[in-house]
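Examination of the molecular architecture
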Amino acid sequence: VEAAIPEPQREAWKKFTAQEFSTKEEFQAEAVRHIETTLARSLFNCDELAAYSGTALAFRDRLVIEWNKTQQRHTFADQKRVYYLSLEFLMGRALDNAMLNVGFKNAAKDGLSELGFRIEDIIKQERDAALGNGGLGRLAACFLDSLASMDFPAWGYGLRYKYGIFKQEIVDGYQVEVPDYWLDFNPWEFPRHDITVEIQFYGHVRKYQDETGKNVAVWEGGEIVEAVAYDVPIPGFKTKTTNNLRLWSSKAASGEFDFQKFNRGEYESSVADQQRAETISAVLYPNDNLERGKELRLKQQYFWVAASLFDIVRRFKKTKRAWAAFPDQVAIQLNDTHPTLAVVELQRILIDQEGLEWDEAWQIVVKTFGYTNHTVLPEALEKWPVPLFQNLLPRHLQIIYDINLYFLQSVERRFPKEREMLSRVSIIEESQPKMVRMAFLAIIGSHKVNGVAELHSDLIKTTIFKDFVKIYGPDKFTNVTNGITPRRWLHQANPRLCELIASKLGGYDFLKDLTLLGEIERYVDDKAFKKEWQEIKYANKVRLARVIKETTGVSVNPAALFDIQVKRIHEYKRQQLNIFGVIHRYLAIKSMTAEERKKLAPRVSIFGGKAAPGYWMAKTVIHLINNVGAVVNNDKDVGDLLKVIFLEDYNVSKAEIICPASDLSEHISTAGTEASGTSNMKFVLNGGLIIGTCDGANIEITREIGESNIFLFGNLAEDVEELRHHHLYGKYELDPDLLKVFEAIKSGTFGDANAFSGLVNAIVDHGDYYLVSDDFHSYIQTHDLVDEAYKNQDEWLTKSIQSVARMGFFTSDRCIQEYADLIWNVEPVPPKE
Ligand code: 8GP
């Protein structure tokens, strides 16, 4: 390729090719140049935001240089690439991550300090890139970090929402949603106005036979929207590999149509078209573990999938290979069912546009895709009404019908005696209206299906996808237990703990091979080490206490036991169980003697998390937590023994402060409902103990760190179904302690009791689906054990250190290696040093 460019031209270019800064002074020169020229600011009006911007741009330049080289290297290597399709990437802030991953944070710190700024203040200027709801989106972000850090040739594909997840404000104890317009200054994205794809919607299908007698389908008419690429560099840790995250933004197609409208003087309606097009990528749907079936959501899905596949196919075609080689060059992972249309779109491209026969095309499709399931909750499983599909994507619906037909025929041949199975496994649900079941389409269109923790992967095989295990055999289904990136969740979030560990392990290699953490277990009896460990936890609690004071006005004692539950608010995650437990504790304290009170360890119960705007029950839980806080925190009689905090607007950057500050965190979902959980891993990795149910990854965490290092309680997944049945059809009594809590609520102790009647009635009158009452006693007892254990600080510290030492398994690097081996069959492309 290089040879095609004339020698003198090459020489001239190379003389001036961009160089990376490599000293503090060079960093300062770059930052100041950007502040003065890119931002048009000066020494006299450079505030912290401008200093952030200059720093970010200086680091961005560094990333871009490696990013360009990486993309070239990957093209030359001509190896199989991974494409991670996700509607959500919950990235958080980029600057600190970039500084740490390229290894230049100290230079920047000193350089900024000489210019009169503190690096912590500068980092805080950045807004979170919050293009996700919760665990599913954050997992995608951790995966990008691992893929780059491990030198895999990989791209992420997503949507460039103008509004990410809303900002949460708490007003009079209620959640209020404020739009998150985050793009006014985003130095991390590169608009690629030259990379656009036209995306078609609506219209109709014309079928005919061509000269050779072949059946041809043409999708005609409808409307065209343009997808524009925005690229975000993803730097690996201690490697030059810098991968790409491509986010698509929608705009009106700049076609003749508009022009004619303008000429006809229809200015307003032409602008309206523009806005309608832009609506597609305008906003992230703020639901976690819930699908609402809105047309705009399906439009988002097709828009993103069609643009991404066009891009992937275009890249493949440049290699001039035969189509049969496609799955040897391309692995596409479906992050949940949101991108399942990609299966149909690839089949459409191959048969309608490239002229392949159905069977040949279908083999390519199935070999290309893998599907990750993230939930068994029925309300989260995607289904789309057939009439909506028919209208929006008529050709795709036809192809889905054909996929279904061939699939059902093969099932019928193999299981002729099981006719009821056909309707159970059909992609089309025979309801009114008929529905397209996206999970079934994803299974049929992929060669591997995985769950995200062992229990979850077992559950999908025995419940929602049982028939498919019978049809395809068990090998199509596998498990890849989730992980987290230690770069963000230890190195960045907890620099002091990281440094202490590094001092014992002789460097930071453990951040790339987390199993090396095992070595620190040798220091569990080392007094000085333990003391430092304890001091670091305390300092992290002080840091969180400061944030609590600033945002809620409440002073909390950093010496108290910090008991934290932060995650999306959802009935299955059972924040209601936690707050009922807190009320129980409050009532207990109120009836204690002075002697008894002395023996009790002071507690701070901290909650955080967003409720989906339309999820009334979740909002009621937030309201109750805040009202309990208002009563307890102002009860002089209770003082430091109990404080209840709701931290507003929980997000990635807040999590980085919260996770290192827990003594105890809560992962207390009804057994069998939380697919994995990943904050459980973040808290343990930062030396906090956890209380939890036998659910999701809690089970594997227990196996790794040892049963004596975790507080497990509650019913097991295998007993849940029977208990629920019993609630509905048998006689059962509610837990007496829980009833006392309800009495307190009903008597108005925490404000207007009517506000909380729905919450209470779900348990008292409506079958207690999430088994709050069944688990209450065990929960309270286990908290008593926590109180006891916390009194012995030395033993607590031992548990903390042992747990961290044994967390190596939960790095997302391990996870990505498993995907690479089990599902993608891809190899890294390491940079030549
Ligand atoms: C989440 C799971 O709830 C969580 O346990 C898991 O750790 C995380 O995915 C990453 O695997 N699932 C979802 O957010 C989810 O399924 N959302 C539905 C809309 C698809």
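Above this text is the structure in question.
This text gives an overview of the structure that appears in the document.

Taken together, 16 residues lie around the ligand, and His374, Asn482, Glu674, Ser676 and Gly677 are the ones closest in. Side-chain polar atom of Asn482 to an oxygen atom of the ligand: 2.8 Å apart, as the coordinates give it. For the ligand, an oxygen atom lies 2.9 Å from a polar atom in the backbone of Gly677. When the ligand is considered free in solution it has 470 Å² of accessible area, and contact with the protein chains removes 96% of it. Judged by its atoms lying within 2 Å of the grid points, the ligand is housed in the largest cavity. Of the residues belonging to the shell around the ligand, the class tally is five nonpolar, eight polar and three charged. Here the shell around the ligand spans two domains, since at least three of its residues come from each of domain 1 (78-93 + 128-481) and domain 2 (486-810).

Another point: a negative patch on the surface. Together, Glu718, Asp719, Glu721 and Glu722 give the surface a local cluster of negative charge. Looking at the element boundaries, Glu722 is found in helix 29 (residues 717-729). By relative accessible area, which is 65% here, Glu722 ends up exposed.

Turning to the pairing of strand 13 (residues 369-372), a few remarks are in order. Along a regular strand, successive side chains alternate from one face of the sheet to the other. Taking every second residue as pointing to the same face, both faces of strand 13 are buried, with Phe369 and Tyr371 on one and Gly370 and Thr372 on the other. Bridge count for strand 12 (residues 330-335) against strand 13 is four bridges, and the pairing is parallel. Each bridged residue has a counterpart across the sheet, and for Asn335 the counterpart in strand 13 is Thr372.

Turning to the nonpolar core, a few remarks are in order. The biggest cluster of nonpolar side chains holds 203 residues, and the ones touching the most others in it are Trp248, Phe389, Trp533 and Trp824. Built from parts of two domains, this core gets at least three residues from each of domain 1 (78-93 + 128-481) and domain 2 (486-810). If we ignore the near neighbours within four places in the chain, the residues touching Trp533 are Leu497, Leu500, Ile501, Ile520, Leu797, Ser800, Ile801 and Val804. Ranked by size, the runner-up nonpolar core spans 54 residues in total, among them Val621, Leu664, Phe756 and Val786.

We now examine empty space enclosed by the protein. Counted by the stated rule, this structure contains four cavities of 30 Å³ or more. What the largest cavity holds in volume is close to 750 Å³. Broken down by secondary-structure element, the contributors of at least two residues to the lining of the largest cavity are helix 7 (135-149), helix 26 (652-658) and helix 27 (679-685). The greatest single-element share of the lining of the largest cavity, amounting to three residues, is contributed by helix 7.

What counts as what
Residues numbered from 1 in each chain as written. Predicted model: local features only at pLDDT ≥ 70, side-chain atom pairs only at ≥ 80, totals over all residues. Heavy atoms only, no water. Near = heavy atom within 4 Å. Polar contact = N/O pair within 3.5 Å; in protein donor to acceptor, adjacent residues only side chain to side chain. Areas by Shrake-Rupley, 256 points an atom, 1.4 Å probe, with all protein chains shown as cover. 1 Å grid on protein atoms, 1.4 Å probe; cavity = no way out; pocket = protein on both sides within 12 Å on 5 of 7 lines; lining within 4 Å. Sits in = over half its atoms within 2 Å of the grid points. Nonpolar A, V, L, I, M, F, W, Y, C, P; charged D, E, K, R; others polar. Domains from an automatic or database assignment. Patch = residues over 30% accessible without salt bridge, like charges linked within 9 Å, V, L, I, M, F, W, Y side chains within 5 Å. Salt bridge = Lys/Arg side-chain N within 4 Å of Asp/Glu carboxyl O. Lys, Arg positive; Asp, Glu negative; His and termini not counted. Charge placed at Lys NZ, Arg CZ, Asp CG, Glu CD. Helix = DSSP H or I, 4+ residues; strand = E, 2+ residues; numbered from the N terminus. Buried < 20%, exposed > 50% of the residue type's maximum accessible area, 1.4 Å probe, protein only. Pairing = 2+ DSSP bridges. Core = buried A, V, L, I, M, F, W, Y, C linked by side-chain atoms within 4.5 Å. Contact = heavy atoms within 4.5 Å. Points joined across faces, edges and corners; volume = space filled by probe spheres on them.

Nothing here speaks to function; it is all geometry.
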